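Structural characterization, general
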Amino acid sequence: MASATQSSPYKNRILAAVPQEDLDRFFSDLQPVSLAQRHVLYQVGAPFEYVYFLEAGVASVLTSMTTGSTIEVGMIGTEGVVGASALLGREVSTQHVVIQAPGAALRMKVAECRTAFEQSAAVRTLVLRFIAALLDLSAQTAACNRLHSIEQRCARWLLMARDRLHGDAMPMTHEFLATMLGVRRAGVTETVGELQRSGLIRNGRGEVTIVDGAGLEAAACECYRHDHERLMRLV
C-alpha cells in the first residue's frame, strides 16, 4: 500500500490507496468534517448515515454494558474507516464510537460507500483488509484486558494512540482513560503517576506526553508489539 500512497492528497490510508479511476467514480462527493474530542459518531442502536475516513485524530470503539460501564474494544486512526460494518449490510450500530483525540475526516453517505464497496474490487480489498485487522485488534484487546496489569494495558494504550496520532502528546484526562480501559479512575491515577515517576510520561492538565518511548514499550505488554506490527502492515 505504501507505494500507492506516496503522491496521494489523502492522509487516510484507504483513500490514498484507491486507484484514481475509482476515486473519480465513487468518491467525488466526500465531505470534510472537523471532529472534536468526545464527539460521538455512532450510538448503540442508531442507524448508520455516514462512514468516516479519518484524516487526523483517533476514534475509539466502545462496548457498553447495561450498568453503564464501557470499555474500548477498538481504536481507529488514519489507517481505516469508521463505520465499516455498515458496508457489510448492518443498518444500525451495535457499538458506541467516540472521538478520542480531535481531528478531521472525510465522510460520505453509507449508501454511496456501499456502492463503491460492492462495485470496486480495490475498495473492497482495502476495506476488508482493515476490517480483518480491526477484528484481530478486538480479540487481542479481550485477552489483554483479562491477562495483563493496568500498568501494562495503560502503557500499551498510550503507545497505540501515539502511533495513530503520529506524535508523543495527546489530549487525555484520567477519567477518559479509565473509561477506555474499563477500570476505576483511582486505578488510572495511580498508574499514570507511577509511569510519570519512572520518567516514561509527563502528565499535564488534560494532556499526556510520552517522554521515553522505548521505556514505555518495555513497560507495555506483548499486545502492543502485535498491534504495532498490524498497523505497519496496513500503512
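Our subject is the structure that appears above.
Below you will find a few notes about this structure. (Residues numbered from 1 in each chain as written. Predicted model: local features only at pLDDT ≥ 70, side-chain atom pairs only at ≥ 80, totals over all residues. Heavy atoms only, no water.)

Looking at the packing of aromatic side chains
What counts is decided by this rule: Each Phe, Tyr or Trp ring (for Trp, its six-membered ring) is paired with any other whose centre lies within 6.5 Å, and the angle between the two planes then decides the class: stacked below 30 degrees, edge-to-face above 60, tilted in between. Secondary structure elements follow DSSP: runs of H or I of four or more residues count as helices, runs of E of two or more count as strands, with numbering from the N terminus. Any residue under 20% of the maximum accessible area for its type is buried, any over 50% is exposed, and the rest in between are partly exposed; the area is computed with a 1.4 Å probe on protein chains only. Charge-over-ring contacts are defined here by two conditions on Lys NZ or Arg CZ: a distance within 6 Å of the ring centre and an angle within 35 degrees of the ring normal.
Overall, the coordinates contain 4 aromatic pairs when judged by the stated rule. Between phenylalanine 27 and phenylalanine 53, the ring centres sit 6.0 Å apart and the planes meet at 80°, which makes this aromatic pair edge-to-face. Of this pair, phenylalanine 27 sits in the loop between helix H3 (20-26) and strand E1 (31-35) while phenylalanine 53 sits in strand E3 (residues 50-64), placing them 26 residues apart in sequence. Here phenylalanine 27 and phenylalanine 53 have matching classes, each one buried. Judged by centre distance (4.9 Å) and plane angle (80°), the rings of tyrosine 42 and phenylalanine 48 are edge-to-face. Here the aromatic cluster, defined as three or more aromatic residues joined through ring pairs, consists of Tyr42, Phe48, Tyr50 and Tyr52. Just above the ring of tyrosine 50 sits the side chain of arginine 107; from NZ or CZ to the centre is 3.8 Å.

What about the packing of helix H4 (residues 110-119) against helix H5 (residues 121-147)?
Rules: Fitting a line to C-alpha atoms yields each axis, with helices limited to the stretch in contact; the angle taken between N-to-C directions then spans 0 to 180 degrees. If an angle is under 35 degrees, it is roughly parallel; if it is over 145, roughly antiparallel; if it lies from 65 to 115, roughly perpendicular; otherwise it is oblique. The contact definition used throughout considers only heavy atoms, calling two residues in contact when any of these lie within 4.5 Å. Basically, the charged four are Asp, Glu, Lys and Arg, the nonpolar ten are Ala, Val, Leu, Ile, Met, Phe, Trp, Tyr, Cys and Pro, and anything else, Gly included, counts as polar.
As a packed pair, H4 and H5 sit with axes 5 Å apart at the nearest point and diverge in direction by 105°. Taken together, the axes of H4 and H5 lie roughly perpendicular to each other. Note on element contacts: H5 touches H4 through Ala121, Val123, Arg124, Val127 and Leu128, opposite Ala116, Phe117, Glu118 and Gln119. Partitioned by chemical class, the residues of the contact of H4 with H5 number 6 nonpolar, 1 polar and 2 charged.

Description of helix H8 (residues 185-197)
Stated precisely, the cut-off is as follows: A helix's residues, less one, multiplied by 1.5 Å, set its expected span.
Between its first and last C-alpha, H8 extends 18 Å over 13 residues, near the 18 Å set by a 1.5 Å rise per residue. Along H8, the residues classified as buried are Gly187, Val188, Thr191, Val192, Gly193 and Leu195. On its buried face, H8 sits against helix H6 (150-165), helix H7 (174-181), strand E8 (201-204) and helix H9 (213-219).

Some details on the environment of serine 69
Selection rule: Any pair of nitrogen or oxygen atoms within 3.5 Å is treated as a polar contact; in protein, a donor-acceptor pairing is required on top of that, and neighbouring residues in sequence qualify only through side-chain atoms on both sides.
When you line up the elements, serine 69 lands in the loop between E3 and strand E4 (70-76). Taking C-alpha positions, serine 69 is 9.2 Å from valine 183, a pair spaced 114 residues apart along the chain. With residues up to four places along the chain from it excluded, the contact list for serine 69 reads Thr63 and Ser64. In this structure the side chain of serine 69 is engaged in a polar contact, spanning 3.3 Å, whose partner is the side chain of threonine 67.

Observations concerning unusual backbone geometry
It is generally the case that most residues other than glycine have a negative phi and that most peptide bonds are trans. In this structure, arginine 38 takes a positive phi of about 75° despite not being glycine. Within the secondary structure, arginine 38 sits in the loop between E1 and strand E2 (40-42). Positive phi outside glycine occurs at histidine 166, with the angle close to 60°. Tracing the backbone through its elements, the reader meets histidine 166 in the loop between H6 and strand E7 (169-171). You can call histidine 166 exposed: its relative accessible area is 65%.

The values reported here are purely geometric and, on their own, carry no functional implication.
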